[in-house]
Every structure is written in C-alpha cells, then in structure tokens.
Amino acid sequence: IFRKISHSSDRQTLIRSAINSLAELGPLKGFKDPLVTDYLQEILPLIDLPIFVFVIRDVVAIAERETFEGQNFVKALQEADERRRRIVEFILKAVSDGIPSCAISYERLLAEPETAFIQLSHFLIGHTDPIHLSLIPRLVLPNSRMPEEINFVDIASSLHRANFC
C-alpha cells in the first residue's frame, strides 16, 4: 500500500488510512518500504510515538537489483545514493529531536541475523526472547523478494499472541 501512496495526489489521506489500519496489530507496529524516504516528513506528524529502524542496503547492490529490473545502472546508483543520504539526514535529525532511531546494515542482517536481531530487540523492547531468536535462521533468508514473502510484523504479532495472550 505504501508504494501506491508515493505516487498518489491524495497522499495525506492514504497515509493516515494506512497508519490507522496498522493499529489492529497492537502497540508495536511497523512497515517496510524503501521508498518511504520520499515522503517520510509527511508521515512523521501522523505517528504518535515514532521509533525508526532503517535497514540500509549497499547502494551498489541496490543499483544492481534495479538494473536487473531494467533500469540504467548509473541512474539507479545515483538514486540509491540520494535515498541513502536522505535516510542518514533524517536519522541525524530524528536523533537530535529525541526520536528513537537506529540503522542496520542489510548485508550484516543477512550475514549475522542473530546478532542483528539481538541488537534490534534490545533497541525496541529492551531484551531478547530466546524463542524468537531460535526462529531467525528460518525467517531471514537472502532473497530479493523477501519483503513480499515474509511479513515480519505479522510473524511478530502471531508470536506475541501465542506467547503472551
């Protein structure tokens, strides 16, 4: 849904609707969209208690993926670098404004998923659940279609309901 938002003329209404639809997931919710940096400033006022986790991928890897999908490599590299710069600028401003924010290397996430998960768990909830940690090797797989195949928010919500409700 967020991909459609980035090209819509009625972006504010769609953003508000998308964020409201996430409310049923519970107090901790999120979404993943690499293009969110294009309209992040519009989303920020609509989030009550924002916490930002940015997974930052190597710009050359992004450009290579875009080339595979038909885009010019140099143009894709330039766009990926510009998007990464906007993310870094946003993180620096968010931190200076007191908004909890962190950045994770996509490549490190794939190479060391357990370590990345432990750090992310401590950042978000202050601890790591061994049950969740044991699931990481099955859930984090190098795959360019991963965001379409694995919904981490749904998985986390299901685990939370199964273990705490």
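Owing to the predicted nature of the structure, the values given are computational and were not obtained by experimental measurement.

Caption draft 1: Layout of the nonpolar core. Counting residues in each nonpolar core, the largest one holds 15 residues, and the members touching the most others are Ile15, Leu40, Ile43, Phe52, Phe54 and Phe90. Elements supplying a minimum of two residues to this core: α2 (11-21), α3 (40-43), β1 (52-56) and α5 (73-96). Ranked by residue count, the leading element in this core is α5, at four residues.

Caption draft 2: Representation of the pairing of β1 in the model. Residues Phe52, Phe54 and Ile56 point to one face of β1 and are all buried, whereas Val53 and Val55, pointing to the other face, are not buried. Judged from the five bridges that link them, β1 and strand β2 (residues 101-105) form a sheet pairing that is parallel. Residue pairing in the sheet places Ile56 in a bridge with Ser105 of β2.

Caption draft 3: Just α5, in detail. If you check α5, its first and last C-alpha atoms are 35 Å apart, about what 24 residues at 1.5 Å a residue would give, namely 34 Å. Looking at α5, one finds that the buried residues are Ala76, Ala80, Asp81, Arg83, Ile87, Phe90, Ile91 and Ala94. Packed against the buried residues of α5 are α3, β1, α4 (59-68) and β2. By the N-cap criterion, in which a side-chain oxygen at the helix start approaches the backbone nitrogen of a residue two or three places on, α5 is capped by Asn72, the distance to Val74 being 2.9 Å. Of the residues flanking the end of α5, it is Gly98, one or two places downstream, whose phi is positive at about 85°.

Caption draft 4: Highlighting the environment of Thr115. Mapped onto the elements of the fold, Thr115 is located in helix α7 (residues 113-125). A residue is classified by how much of its surface remains accessible, and Thr115, at 30% relative accessible area, is partly exposed. C-alpha of Thr115 to C-alpha of Leu133: the two residues are 18 residues apart in sequence and 9.4 Å apart in space.

Caption draft 5: Just the packing of aromatic side chains, in detail. Within this structure, the stated rule accounts for three aromatic pairs. Ring geometry for Phe52 and Phe54: centres 5.9 Å apart, planes at 20°, overall stacked. With a relative accessible area of 7%, Phe54 lands in the buried category. An angle of 65° between the planes, with centres 6.0 Å apart, marks the rings of Phe54 and Phe90 as edge-to-face. Here Phe90 lies in helix α5 and Phe54 lies in strand β1, a separation of 36 residues in the sequence. Of the two residues, Phe54 and Phe90, both sit in the buried class. Here the aromatic residues Phe52, Phe54 and Phe90 are joined through ring pairs into a cluster of three or more.

Caption draft 6: View of the confidence of the model for the protein chain. Mean pLDDT for the protein chain: 76, with 76% of residues reaching 70 or above. Mean pLDDT values for the elements of the protein chain range from 44 in helix α9 (residues 146-149) up to 90 in α5. Contacts of residues 144-153 to residues separated by more than four positions or lying in other chains number 13 contacts, the stretch itself having pLDDT below 50.

Caption draft 7: Examining α2 more closely. When we look at burial in α2, the residues that qualify are Ile15, Ala18 and Ile19. In a view along the axis of α2, the buried residues occupy a sector of 95°, so they form one face of it.

Cut-offs applied
- Residues numbered from 1 in each chain as written.
- Predicted model: local features only at pLDDT ≥ 70, side-chain atom pairs only at ≥ 80, totals over all residues.
- Heavy atoms only, no water.
- Core = buried A, V, L, I, M, F, W, Y, C linked by side-chain atoms within 4.5 Å.
- Buried < 20%, exposed > 50% of the residue type's maximum accessible area, 1.4 Å probe, protein only.
- Helix = DSSP H or I, 4+ residues; strand = E, 2+ residues; numbered from the N terminus.
- Pairing = 2+ DSSP bridges.
- Expected span 1.5 Å × (residues − 1).
- Contact = heavy atoms within 4.5 Å.
- Polar contact = N/O pair within 3.5 Å; in protein donor to acceptor, adjacent residues only side chain to side chain.
- Phe/Tyr/Trp six-rings, centres within 6.5 Å; stacked < 30°, edge-to-face > 60°.
- pLDDT = per-residue confidence, 0-100.
- Arc of directions from axis to C-beta.

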